[in-house]
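# Descriptive analysis of the structure
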Amino acid sequence: MTGKLAPDPMPSGTMSGTPQVLLTHHLKQLKLPTVLREYDKVARECARDGIDHPGYLLRLIELERIDRERRTVERRIRAARFPAVKSFDTFDFTAIPGLNKILVLELARCEYILRRENIIALGNSGTGKTHVALALGLAACQKGFSVTFTTAASLVNQLMEARDERRLLRMQRDLQTTKLLIIDELGYVPMSPTAAELLFETFSQRYERGSTIVTSNLPFEDWTSVLGSERLTGALLDRLTHHVSILTMNGDSYRLKQSAGRRRAAAGAAQNQATRDTVDPNTGEITTN
Ligand code: ADP
Ligand code: MG
C-alpha cells in the first residue's frame, strides 16, 4: 500500500449519482467502512438525543477509530501465525504454583518489549509453556507490537531453506524487524551444526534490537546437547540471558491431569450407571432405575 489515493474515477460534482451514491464512493476511497456503515444510524440517534453536528461527527469518527484498531489487531494476530489463539483469561495459575504469577502479569503489560528484553520459559512437557508464550504474544499484538511465532525446528528449517534459495538475508532482516519473536520448543530435536549456527545468528542479530521469547523443556545445562557446541551455546545464552525474565514452569502436566480427571469422571459415571442399571437376564435388555 502506498498510502496514496487512486485517482477518483467518479469526480464529485458530476451528475452521475445522488449524494448518497457519491458519499458511498468517497468513503470507500478513503477507507472509512465504519463511517459508511454507521452514518445513517448514528445520525438518527444524534437527532433523537439532540446532539449537534460536531458531536455527531465525533461519534462517527470514534466508531471508525475503534473498528480500525480492532482490524489492525486482527491483522497482527494473523501475521503472527499463532498455532492457536490463547490468553491469560483461560490460564489457571493455581495449576502451576511454582510459576510467578505477578511476574507473568507484569510481562503481559509488554513493557519488556519496549526495553527489548527477553523471556525464557523452562519446564517439563505439558506445564503450559506454549500457552503462556501464546498469551504473551496475543497481549503484544493487542498492545500494537508485531509478533512472529515459530518453533525452533521450523525456524531452523526455514532458515536453511532460505539459505539454499539465496534469500537468507531477506529472511534474517524480517526476523530482525519483528518486535517480538517467539521460538517455541527449543530442545526437542538436536540440531545440525549449520542449523545451530543459523539459530545463533538469529539471536545475535536480535540482541538488544527486539524481544525474544524462548520455551524449552531442557534446563540451560542441557542446551549444549541440542546445539552441539559448548562454545556456541555459551555465546547464545550470553546474548539471550543478558536482559531476561525466566519463568520456571516445572510441575505436573496439565494435559495428563486433565485426561486423568476425565478418566476418573468417566469411571465414576460408569459406576453410577452400573448401580442404577439392571440387566434382564433373559433378554439382556438394560433398564435404568
Ligand atoms: P507445554 O508447552 O509446556 O508442553 P502447553 O502450553 O502446550 O504445555 O499445555 C498443554 C495443554 O494444556 C494446552 O492445551 C494448554 O492450553 C493447557 N494448559 C496447560 N497449562 C494450563 C493452565 N495452567 N491453565 C489452563 N490450561 C493449561
Ligand atoms: Mg509446548
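Use the structure listed above.
These numbers were taken from a predicted model, which means no experiment stands behind them.

### Details of the environment of Thr248
Secondary-structure assignment places Thr248 in strand β5 (residues 244–248). Counting along the chain gives 126 residues from Thr248 to Leu122, while the straight-line C-alpha distance between them is 5.2 Å.

### Quick look at the site of ligand 1
Near ligand 1 you find 15 residues, and of these Lys86, Gly126, Lys129, Thr130 and His131 are the closest. A distance of 3.1 Å separates an oxygen atom of ligand 1 from a polar atom in the backbone of Thr127. Within the side chain of His131, an N or O atom sits 2.7 Å from an oxygen atom of ligand 1. Among the elements that make up the shell around ligand 1, the one with the highest residue count is helix α6 (residues 129–142) (3 residues). Residues of the shell around ligand 1, tallied by class, amount to 3 nonpolar, 8 polar and 4 charged.

### Quick look at the packing of aromatic side chains
Inspection of the entire model under this criterion finds 4 aromatic pairs. Every member of this aromatic cluster is reached through a ring pair, and the members are Phe88, Phe91 and Phe93.

### Some words on the packing of helix α9 (residues 193–206) against helix α11 (residues 230–240)
Put simply, α9 and α11 touch, their axes get as near as 9 Å, and they point 25 degrees apart. Here α9 lies roughly parallel to α11, going by the angle between them. The handedness of the crossing between α9 and α11 is left-handed. Facing α9, whose interface residues are Ala196, Glu197, Leu199, Phe200, Phe203 and Ser204, α11 presents Leu232, Ala235, Leu236, Arg239 and Leu240. Classifying every residue of the contact of α9 with α11 gives 8 nonpolar, 1 polar and 2 charged.

### Points about helix α3 (residues 53–80)
Along its 28 residues, α3 runs 41 Å from first to last C-alpha, staying within 8% of the 40 Å computed at 1.5 Å per residue. For α3, the complete set of buried residues consists of Tyr56, Leu60, Glu64, Asp67, Val73, Arg76, Ile77 and Ala80. Close packing links the buried residues of α3 with α2 (33–49), α6 and β2 (147–151). Its side-chain oxygen at 3.0 Å from the backbone nitrogen of Gly55, Asp52 defines the N-terminal cap of α3. Just beyond α3, the residue with positive phi is Arg81, at close to 55 degrees.

### Some remarks on the pattern of salt bridges
Going through the model one piece at a time under the given rule, you end up with 16 salt bridges. In this structure, Arg37 engages Asp67 in a salt bridge whose closest nitrogen and oxygen atoms are separated by 3.2 Å. One end of the pair, Arg37, is in helix α2; the other, Asp67, is in helix α3, with 30 residues separating them in the sequence. When the shortest N-O distance is used, the salt bridge between Glu106 and Arg109 registers 3.2 Å. For Glu106, a relative accessible area of 29% corresponds to the partly exposed category.

### Some points on the nonpolar core
Ranked by internal contacts, the top residues of the largest apolar core, which has 34 residues, are Phe82, Phe88, Leu99, Leu136 and Leu247. Counting residues per element, the ones that place at least two in this core are α3, α4 (101–107), α5 (111–114), β1 (118–122), α6, β2 and β3 (180–186). Ranked by the residues each element gives to this core, the list is headed by α6, at 9 residues. Apart from residues no more than four positions distant in its own chain, Leu136 is found in contact with Phe88, Val104, Leu107, Ala108, Tyr112, Ile119, Leu180 and Ile213. Membership of the second largest hydrophobic core comes to 29 residues, among which are Ala195, Ala196, Trp223 and Val226.

### Here's the deal with the sheet that holds β3
On the basis of which strands lie adjacent, the open sheet formed by 5 strands has the order β2-β3-β4-β1-β5 and parallel pairing. Strands at the two margins of the open sheet, each flanked by one partner only, are β2 and β5. Between one strand and the next, the sheet's axes are offset by a mean angle of 10 degrees, whatever the strand orientation. Across 5 bridges, the pairing between β3 and strand β4 (residues 211–216) is parallel. The partner of Leu180 across the bridge, within β4, is Ser211.

### A look at the packing of helix α7 (residues 152–164) against helix α8 (residues 168–177)
Axis separation between α7 and α8 bottoms out at 7 Å; the angle between their running directions is 140 degrees. Between α7, through Leu155, Gln158, Leu159, Ala162 and Arg163, and α8, the contact on the second element is made entirely by Leu168, Met171, Gln172 and Leu175. Residue composition of the contact of α7 with α8, grouped by class: 6 nonpolar, 2 polar and 1 charged.

What counts and how
Residues numbered from 1 in each chain as written. Chains lettered and ligands numbered in written order. Predicted model: local features only at pLDDT ≥ 70, side-chain atom pairs only at ≥ 80, totals over all residues. Heavy atoms only, no water. Helix = DSSP H or I, 4+ residues; strand = E, 2+ residues; numbered from the N terminus. Near = heavy atom within 4 Å. Polar contact = N/O pair within 3.5 Å; in protein donor to acceptor, adjacent residues only side chain to side chain. Nonpolar A, V, L, I, M, F, W, Y, C, P; charged D, E, K, R; others polar. Phe/Tyr/Trp six-rings, centres within 6.5 Å; stacked < 30°, edge-to-face > 60°. Axes fitted to C-alpha atoms, helices over the stretch in contact; angles between N-to-C directions. Parallel < 35°, antiparallel > 145°, perpendicular 65-115°, else oblique. Left-handed = near helix turned anticlockwise from the far one by under 90°. Contact = heavy atoms within 4.5 Å. Expected span 1.5 Å × (residues − 1). Buried < 20%, exposed > 50% of the residue type's maximum accessible area, 1.4 Å probe, protein only. Salt bridge = Lys/Arg side-chain N within 4 Å of Asp/Glu carboxyl O. Core = buried A, V, L, I, M, F, W, Y, C linked by side-chain atoms within 4.5 Å. Pairing = 2+ DSSP bridges.

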